[in-house]
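The primary structure of each chain is shown beneath.
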Amino acid sequence: MKTALFLVLAATGCANILDIPDRHLAADSTCSGTIHVKILYDATGATSDVSVPFFKAQKDLLREINETGGIRGC
């Protein structure tokens, strides 16, 4: 049972490598709206020393994605 589950997970994880198309998105599909991203981070407390820089990194990544054309045009 564990071997079968492992093989299924490995096959689905390698879908891009094996060039298996995604059946939910057509290759020529584009977005015509805005994708809203919500980020939750802890600005105070014990984990604030890691959360704030991590939030800034996520914000930088989203800015870079927007500058390079977004996700499928969004």
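Reference entry: report on the structure contained in this document. (Residues numbered from 1 in each chain as written. Predicted model: local features only at pLDDT ≥ 70, side-chain atom pairs only at ≥ 80, totals over all residues. Heavy atoms only, no water.)

## Some details on the packing of aromatic side chains
Each aromatic ring pair is characterised by the separation of its centres together with the angle its planes make. Heads up, the rule is: Under the pairing criterion, centres of Phe, Tyr and Trp rings, with the six-membered ring standing for Trp, must be within 6.5 Å; the plane angle then separates stacked pairs below 30 degrees from edge-to-face pairs above 60, leaving the rest tilted. Working definition: helices are DSSP H or I runs of at least four residues, strands are E runs of at least two. Numbering for both runs from the N terminus. Under the scheme applied here, a residue whose accessible area is under 20% of the maximum for its type counts as buried, over 50% as exposed, and between as partly exposed, the area being computed with a 1.4 Å probe on protein chains only.
A full pass over the atoms with the stated rule returns one aromatic pair. For the ring pair Tyr 41 and Phe 55, a centre distance of 4.2 Å and an interplane angle of 15 degrees mean the geometry is stacked. Pair noted here: Tyr 41 is in the loop between α1 (2–13) and α2 (48–67) and Phe 55 is in helix α2, with a separation of 14 residues, a long-range link. Looking at Tyr 41, the relative accessible area reads 36%, which means it is partly exposed.

## Concerning a nonpolar patch on the surface
For the record, the criterion: Surface patches are drawn from residues lacking salt bridges whose relative accessible area is over 30%; two like charges belong together within 9 Å, two nonpolar side chains (Val, Leu, Ile, Met, Phe, Trp, Tyr) within 5 Å. Note on areas: these come from Shrake-Rupley sampling with a 1.4 Å probe, and a residue is covered only by the protein chains present in the view. A pair is scored as a salt bridge if a Lys or Arg side-chain nitrogen falls within 4 Å of a carboxyl oxygen belonging to Asp or Glu.
Together, Ile 35, Val 37 and Ile 71 make up a nonpolar patch on the protein surface, roughly 270 Å² of accessible area in all. Looking at the element boundaries, Ile 35 is found in the loop between α1 and α2. On the basis of relative accessible area, Ile 35 is assigned to the partly exposed category, the value being 46%.

## Brief notes about the pattern of salt bridges
On inspection of all chains with the given rule, the structure shows one salt bridge. Note that Asp 60 and Arg 63 form a salt bridge whose closest N and O atoms lie 2.8 Å from each other. Here Asp 60 and its partner Arg 63 are both found in helix α2, three residues apart, which amounts to about one turn of the helix. Here Asp 60 falls in the partly exposed class, since its relative accessible area comes to 42%.

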